[in-house]
Amino acid sequence: MVVRVFESPEQVSTACAMLFASQVISNPRAVLGLATGSSPIGTYQQLINWYNEDILDFSEATSFNLDEYVGIPESNECSYHCFMQNQLFHGINLKASYLPDGNSKDMRGACRNYDKAIKKAGGIDLQLLGIGRNGHIGFNEPSDAFSFGTQVVTLTPSTIDANRRFFDEHEEVPSMAISMGVGTIMASRRVVMIAMGDDKQDAVYGAVKGPVTPHLPASILQMHQDCILLCDRKAAAQL
Ligand code: GLP
């Protein structure tokens with residue numbers, strides 16, 4: 001894993017956006033793996049800016065998101081469908097964009113279909129990842145084994161707690177999600193993980209310097225042949 005440390009979160013976002021820009025410029029038909037959470041917001045804003053300045057064109061590119069909550073309508077402001085629409089999709093011209101279906105009556109079928117769609121698109125060229133405070137990637141929580149394909153997951157109390165900030169006080173934070181598996185993430189041709197802030201320093205340390213273990217899912221990225229971690233000084237404090 002290549003690690004680059006920047007002074008500020010803004011610099012992390014710019015560096016990450018540059019990787020996506022060069023991917024789309026060198027291969028306009030790129031298949032992009034996208035993420036939610038607060039970490040990618042600056043990257044998405046920069047991509048929108050470059051699209052508005054006619055520097056980037058996404059009209060032949062496709063995207064697949066990592067995950068979605070189970071059981072909240074896509075129209076709910078807190079759904080990842082809504083998040084992606086508001087933070088990126090409204091501002092660029094992707095040919096097609098997909099997220100896992102968190103409201104299917106047949107969740108196993110929905111998982112299989114998502115994997116099939118990624119495969120049909122030719123696999124993911126560049127996958128963006130944030131990292132959870134407990135080292136999760138997508139919604140692949142710490143467990144005794146690495147997941148393979150898309151699956152339904154039960155969120156840990158620490159993740160539910162971290163996600164609470166996006167929901168209204170009276171709203172229940174979902175406890176289940178549908179997430180691309182670790183195997184699918186590892187099959188991406190290139191991975192860029194971003195991490196900002198003090199509360200990510202333990203997870204970043206474990207991902208980079210700890211043992212490769214499903215108890216800290218991001219640690220598997222040490223085995224990826226083309227993975228870059230972009231982080232700010234605070235997230236890198238223990239490296
Ligand atoms: C959620 C998402 C992850 C994301 C994580 C960290 O759990 N499913 O993909 O990496 O949040 O989010 P943030 O960037 O807000 O810290």
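Model, not experiment: these values are computed from the prediction.

Take the overall build of the protein chain next. Per the secondary structure count, the protein chain includes seven helices and 10 strands. Relative to the compact-globule value of 18 Å for 239 residues, the protein chain shows a C-alpha radius of gyration of 17 Å, a close match. The burial tally for the protein chain puts 56% of its 239 residues in the buried class. Sequence separation of 24 or more characterises 80% of the internal contacts of the protein chain that already satisfy a separation of 6 or more. Just so you have it, the protein chain exposes about 11000 Å², and 50% of that area is on carbon and sulfur atoms. Positive and negative side-chain charges in the protein chain, numbering 18 and 26 respectively, have mean positions lying 8 Å apart.

As a further point, take the sheet that holds strand S6 (residues 126–129). Reading across the sheet, the seven strands line up as S1-S10-S9-S6-S2-S3-S5 and stay open at both edges, with parallel pairing between neighbours. Across the chains shown, the open sheet's two edge strands, defined by having one partner strand only, are strand S1 (2–6) and strand S5 (96–98). The sheet shows a mean angle of 15 degrees between the axes of neighbouring strands, taken without regard to direction. Strand direction decides the pairing type here: S1 and strand S10 (residues 227–232), joined by five bridges, are parallel. What sits directly across from Val 5, in S10, is Cys 231. Sheet strands touched by helix H1 (residues 9–26): S1, strand S2 (31–34), S6, strand S9 (190–195) and S10. Its angle to S10, the strand with the most contacts, is close to 150 degrees.

It is worth spelling out helix H3 (residues 80–87) at this point. Within H3, burial applies to Tyr 80, His 81, Cys 82, Phe 83 and Met 84. Elements that come into contact with the buried residues of H3 comprise S2, helix H2 (41–52), strand S3 (62–65) and strand S4 (67–69).

A few words now on the site of the ligand. Near the ligand, the surroundings consist of 13 residues, among which Ser 38, Ser 39, His 136, Arg 165 and Lys 200 are the closest. A distance of 2.8 Å separates a nitrogen atom of the ligand from a polar atom in the side chain of Asp 67. In the complex, 94% of the free accessible area of the ligand, which totals 400 Å², lies under the protein chains. Looking at side-chain class alone, the shell around the ligand contains three nonpolar, seven polar and three charged residues.

Attention now moves to the packing of H2 against H3. When two helices pack together, you describe them by how their axes are tilted relative to each other and by the distance separating the axes. Across the interface, H2 lies against H3 with an axial gap of 10 Å and an inter-helix angle of 45 degrees. When the axis of H2 is compared with that of H3, the two are oblique. Contacts between H2 and H3 involve Ile 41, Tyr 44 and Ile 48 from the first element and Phe 83, Met 84 and Gln 87 from the second. The residue inventory of the contact of H2 with H3, partitioned by class, reads five nonpolar, one polar and no charged.

Now for the environment of Leu 230. Here Leu 230 is to be found in strand S10. Look at Leu 230 and you get buried, because its relative accessible area is 3%. C-alpha of Leu 230 to C-alpha of Asn 52: the two residues are 178 residues apart in sequence and 25 Å apart in space. Setting aside chain neighbours within four positions, we find Leu 230 in contact with Arg 4, Phe 6, Val 12, Ala 15, Cys 16, Leu 19, Val 192, Met 193, Ile 194 and Ala 195.

Another point: the sheet that holds strand S8 (residues 176–179). If you trace the three strands from one edge of the open sheet to the other, you get S4-S8-S7, paired in antiparallel fashion. The open sheet has two free edges, formed respectively by S4 and strand S7 (151–154), since each of these has just one partner strand. Within the sheet, the average angular offset between the axes of one strand and its neighbour, ignoring direction, is 25 degrees. Relative to S8, S4 runs antiparallel, the two being bridged by three bridges. Looking at the pairing, Asp 67 lines up with Ser 179 of S8.

So, about the packing of H1 against H2. Between H1 and H2, the shortest axis-to-axis distance is 8 Å and the interhelical angle comes to 55 degrees. When the axis of H1 is compared with that of H2, the two are oblique. In this structure, H1 meets H2 at a crossing whose hand is right-handed. Contact residues: H1 offers Ser 13, Thr 14, Cys 16, Ala 17, Met 18, Phe 20 and Ala 21, while H2 offers Gly 42, Thr 43, Gln 46, Leu 47 and Trp 50. Each residue belonging to the contact of H1 with H2 can be placed in one class, and the counts come to seven nonpolar, five polar and no charged.

Definitions and limits used
Residues numbered from 1 in each chain as written. Predicted model: local features only at pLDDT ≥ 70, side-chain atom pairs only at ≥ 80, totals over all residues. Heavy atoms only, no water. Helix = DSSP H or I, 4+ residues; strand = E, 2+ residues; numbered from the N terminus. Rg over C-alpha atoms; globule rule 2.2 N^0.38 Å. Buried < 20%, exposed > 50% of the residue type's maximum accessible area, 1.4 Å probe, protein only. Contact = heavy atoms within 4.5 Å. Areas by Shrake-Rupley, 256 points an atom, 1.4 Å probe, with all protein chains shown as cover. Lys, Arg positive; Asp, Glu negative; His and termini not counted. Charge placed at Lys NZ, Arg CZ, Asp CG, Glu CD. Pairing = 2+ DSSP bridges. Axes fitted to C-alpha atoms, helices over the stretch in contact; angles between N-to-C directions. Near = heavy atom within 4 Å. Polar contact = N/O pair within 3.5 Å; in protein donor to acceptor, adjacent residues only side chain to side chain. Nonpolar A, V, L, I, M, F, W, Y, C, P; charged D, E, K, R; others polar. Parallel < 35°, antiparallel > 145°, perpendicular 65-115°, else oblique. Left-handed = near helix turned anticlockwise from the far one by under 90°.

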